[in-house]
Amino acid sequence: QVQLVESGGSLVQPGGSLRLSCAASGISINTYIMTWYRRAPGKQRELVASITSGGSTNYLNSVRGRFTISRDNAMNTVYLQMNSLKPEDSAVYYCCAMRSLASTYWGQGTQVTISS
């Protein structure tokens, strides 16, 4: 059984930092493209960051330079370091592992709230 478990979401003040983690079981993430998505209330889901098995990364324009995605294949975990957080970063953040349409898995999400 495949599981992706996100953690690290919290309430922080603007300008603060958080590190989200996504621990995988049942798959080896080193063969998957790992991505972080987010969905804010009333908005569409958006892809925040992705990292390939080779380590290539891609970011949503609004988070580039503030967020960093990384992966630890030995720990089977992917991370999202988020710095200089803004209120508009508030959302539920989801981890996704994708290798094909038949091999796509989602976590349950973790809430990130940026507010003073």
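Up top is the structure.
What you see is a predicted model, and the numbers here were worked out from it, not measured in a lab. (Residues numbered from 1 in each chain as written. Predicted model: local features only at pLDDT ≥ 70, side-chain atom pairs only at ≥ 80, totals over all residues. Heavy atoms only, no water.)

1. Here's the deal with the pattern of salt bridges
Move 1: In the structure shown here, the tally under the stated rule is 3 salt bridges.
Move 2: The closest approach of N and O atoms between E46 and R38, which form a salt bridge, is 2.7 Å.
Move 3: Judged by its relative accessible area of 29%, E46 falls in the partly exposed class.
Move 4: In this structure, R38 and D89 form a salt bridge, with 3.0 Å as the shortest nitrogen-oxygen distance. Here the residue R38 occupies a position in strand β4 (residues 33–39), and D89 occupies one in the loop between β8 (77–82) and β9 (91–100), the gap between them amounting to 51 residues.
Move 5: With a relative accessible area of 4%, R38 lands in the buried category. (Salt bridge = Lys/Arg side-chain N within 4 Å of Asp/Glu carboxyl O. Buried < 20%, exposed > 50% of the residue type's maximum accessible area, 1.4 Å probe, protein only. Helix = DSSP H or I, 4+ residues; strand = E, 2+ residues; numbered from the N terminus.)

2. Some details on the state of the cysteines
Move 1: Counting across every chain of the model gives 1 disulfide.
Move 2: Across a sulfur-sulfur distance of 2.1 Å, C22 and C95 are joined as a disulfide pair. Residues C22 and C95 share a disulfide whose torsion about the S-S bond is about -75°; that sign makes it left-handed. With C22 in strand β3 (residues 18–25) and C95 in strand β9, this residue pair connects regions lying 73 residues apart in the sequence. The pair formed by C22 and C95 is uniform in burial state, with each residue classed as buried.
Move 3: Residue C96 stays outside any disulfide, its sulfur separated by 7.2 Å from that of C95, the closest cysteine. (Disulfide = S-S within 2.5 Å.)

3. Here we look at the nonpolar core
Move 1: W36, L80, M82 and Y93 are the most contacted members of the largest nonpolar core, which totals 29 residues.
Move 2: For this core, the secondary structure elements donating two or more residues are β3, β4, β5 (46–51), β7 (67–72), β8, β9 and β11 (110–114).
Move 3: Contact partners of Y93, with chain neighbours within four places excluded, come to E6, L20, W36, Y37, R38, V48, F67, L80, M82, G109, T110 and V112. (Core = buried A, V, L, I, M, F, W, Y, C linked by side-chain atoms within 4.5 Å. Contact = heavy atoms within 4.5 Å.)

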